[in-house]
Amino acid sequence: MKNCKTVLAAFLIAAIVIVSGADTARADNFFSRLFGSVGNESADSTGKSKSSDLIVVLDAGHGGYDSGAVGHGLMEKNLTLKIANYCKSELEKYQGVKVYMTRSSDLYVGLEQRVSIAAGRRADVFVSLHINAASSSANGAEVYYPNSNYNGSVGEKGRKLAREIQGNLTSLGLYNRGTKIRNSESGSTYRDGSLADYYAVIRGSKQSGFPGIIVEHAFISNASDAARYLNSNSKLKKLGVADAKGIASCYGLKKASEETETLQPTELKRVTGKSSNAASLKWEKVKGVTGYEIYRSTSKKGTYQQVATVKKAATVTYNDKSVKAGKTYYYKVRPYKISGSRKITGKFSTAQKVKLLKQPTVSVGNKTGSMVNVKWKQVKGALKYEVCRSASKKGKYQKIATVQKVYNYKDISRKAGKTYYYKVRAVSNGIGGVTYGPYSEIKGK
């Protein structure tokens, strides 16, 4: 027993000397030999100084005996591993990035161990990939990022990355559940006394000095999400590629092809509302492109979702009919080119705003001789109103007045004894043109 204590004491002293010394590589090698590694993923024990490459550690959630969420014949641990592999393959097409994984097989890895692997790789960012589960009606994608407490710059980097990845996922059609933080619910704090993050991998990553985020791709418990996004390798690949593109965009990574071939950006010349509850767009033509991608958001700095792809280079207009009267929308457009198997995209145009006008509510007062008073309720955002009239309900309507600052028009140009029909629409300015709201219901008198 005495000899065992002596050996143990010497062992601990050697460990302290190694860890406290300047030779980090010796420390890494010492603990690697002592505790072994996780599967085929271990801390970097080369002793080399950190390279200028971006180090991304992808964390496929769950694994081994921990299946994660299950539903519709699918198992989360299998899906996250496939998404991680697809994401890694896509990221490795970019320059200046090295990608590692916390697990590359069906292996259980503890939460703290996952962060330790990332720290050992001297990670710049840790991305944990998951599939959501809740009630059968819950659906969509969401991304969790670090709060702004303790090491706030890490939280801000995580917020930006979360926004980029979420934008790519929702562009696939996933419902946008947003980017979120979740604080500790037990009152645990960081070393400066501020409230800690709830999730262990986000908390541990921040304490290690790099941002950690959790990507919840879709709901395995939702039949539609499972069928549209999770039940085939091709669908999982789209999720992994979307994650990779978000990381690349956030950190300014470029593919070799993108360095040698660029497209000129376009600019929106017209964004107006149309009477059929549609937004009308027109942009500058760009030479040498295949087509254009159109993105839309409900706020200027919000998440933009792709709403259309124009596949003809000569077409520089688009009518977006998937909008609602009374809403405000922001649009931006970017050109793209298909070169062999590659798709090259240009920069986005400056975002432009359009407010769609609502339909006026119209009434026609009693006749006084040959005069009737056409009245309507004010439409928010309207600068003026156009009043149109016809001698038959289904006949040809002619504009008889344009009215500003008031919400009625007295028609005195009628013939006695005749019935006339009226409709009114609101009018405002747009970008490069006039915005029209939908016509009111037809009223006769």
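Cut-offs used in this document
Residues numbered from 1 in each chain as written. Predicted model: local features only at pLDDT ≥ 70, side-chain atom pairs only at ≥ 80, totals over all residues. Heavy atoms only, no water. Helix = DSSP H or I, 4+ residues; strand = E, 2+ residues; numbered from the N terminus. Buried < 20%, exposed > 50% of the residue type's maximum accessible area, 1.4 Å probe, protein only. Contact = heavy atoms within 4.5 Å. Areas by Shrake-Rupley, 256 points an atom, 1.4 Å probe, with all protein chains shown as cover. Salt bridge = Lys/Arg side-chain N within 4 Å of Asp/Glu carboxyl O. Pairing = 2+ DSSP bridges. Axes fitted to C-alpha atoms, helices over the stretch in contact; angles between N-to-C directions. Expected span 1.5 Å × (residues − 1). Core = buried A, V, L, I, M, F, W, Y, C linked by side-chain atoms within 4.5 Å.

Peer 1: Hey, could you run me through the overall build of the protein in this one?
Peer 2: Counting its regular elements, the protein contains 9 helices and 24 strands. Taken over 445 residues, the protein has a buried fraction of 43%. For the protein, restricting intrachain contacts to residue pairs at least 6 apart in sequence, the fraction spanning at least 24 positions comes to 68%. For the protein, the accessible area works out to roughly 22,600 Å², and carbon and sulfur atoms hold 48% of it.

Peer 1: Honestly, the pattern of salt bridges in this entry has me stumped. Any pointers?
Peer 2: Where charged atoms from two side chains of opposite charge approach closely, those side chains can pair. Summed over all chains, the structure comprises 16 salt bridges. Ionic pairing is found between lysine 255 and glutamate 90, a salt bridge with its closest N-O pair at 3.0 Å. Taken together, the positions of lysine 255 in the loop between α8 (233-251) and α9 (256-260) and glutamate 90 in helix α3 (residues 76-91) put the pair 165 residues apart, joining distant regions of the chain. Exposure class is identical for lysine 255 and glutamate 90. Each is buried. With a closest N to O distance of 2.7 Å, arginine 296 and aspartate 320 form a salt bridge.

Peer 1: Explain the sheet that holds strand β9 (residues 268-274) here, please?
Peer 2: In any sheet, the strands associate via hydrogen bonds between backbone groups, in a parallel or an antiparallel arrangement. The strand order across the open sheet formed by 3 strands is β9-β10-β13, and the pairing between neighbours is antiparallel. Pairing within the sheet leaves two strands with one partner each, and these edge strands are β9 and β13 (317-320). On average, each strand axis in the sheet is inclined to that of its neighbour by 15°, with strand direction left out of account. One ladder, built from 6 bridges, connects β9 with strand β10 (residues 278-283); its direction is antiparallel. Counterpart to lysine 274 in the pairing with β10 is alanine 278.

Peer 1: Quick question: what am I supposed to make of α3 here?
Peer 2: Side chains of residues three or four places apart in an α-helix project in the same direction, reflecting 3.6 residues per turn. Between the first and last C-alpha of α3 there are 22 Å, a value that for 16 residues agrees with the 22 Å anticipated at 1.5 Å per step. For α3, the complete set of buried residues consists of Glu76, Lys77, Leu79, Thr80, Leu81, Ile83, Ala84, Cys87, Glu90 and Leu91.

Peer 1: Just checking my understanding: could you explain the nonpolar core for this structure?
Peer 2: Grouped burial of nonpolar side chains is what soluble globular proteins tend to show. Ranked by size, the top nonpolar core spans 42 residues in total, and within it Val127, Leu230 and Ile247 carry the most contacts. Leu263, Tyr292, Tyr329 and Tyr331 belong to the second largest nonpolar core, which has 20 residues in total.

Peer 1: Got a minute to help me understand the sheet that holds strand β1 (residues 54-60) in this structure?
Peer 2: Reading across from one edge, β4-β1-β5-β8-β6-β7 is the order of the 6 strands in this open sheet, with mixed pairing throughout. Because the sheet does not close on itself, it has two edges, and the strands there are β4 (97-101) and β7 (176-180). The sheet shows a mean angle of 15° between the axes of neighbouring strands, direction not considered. Strand direction decides the pairing type here: β1 and strand β5 (residues 125-132), joined by 5 bridges, are parallel. Along β5, the bridge assignment pairs valine 57 with phenylalanine 126. Where helix α5 (residues 152-170) meets the sheet, it contacts β5, β6 (141-144), β7 and β8 (212-219), and its direction lies at approximately 170° from that of β7.

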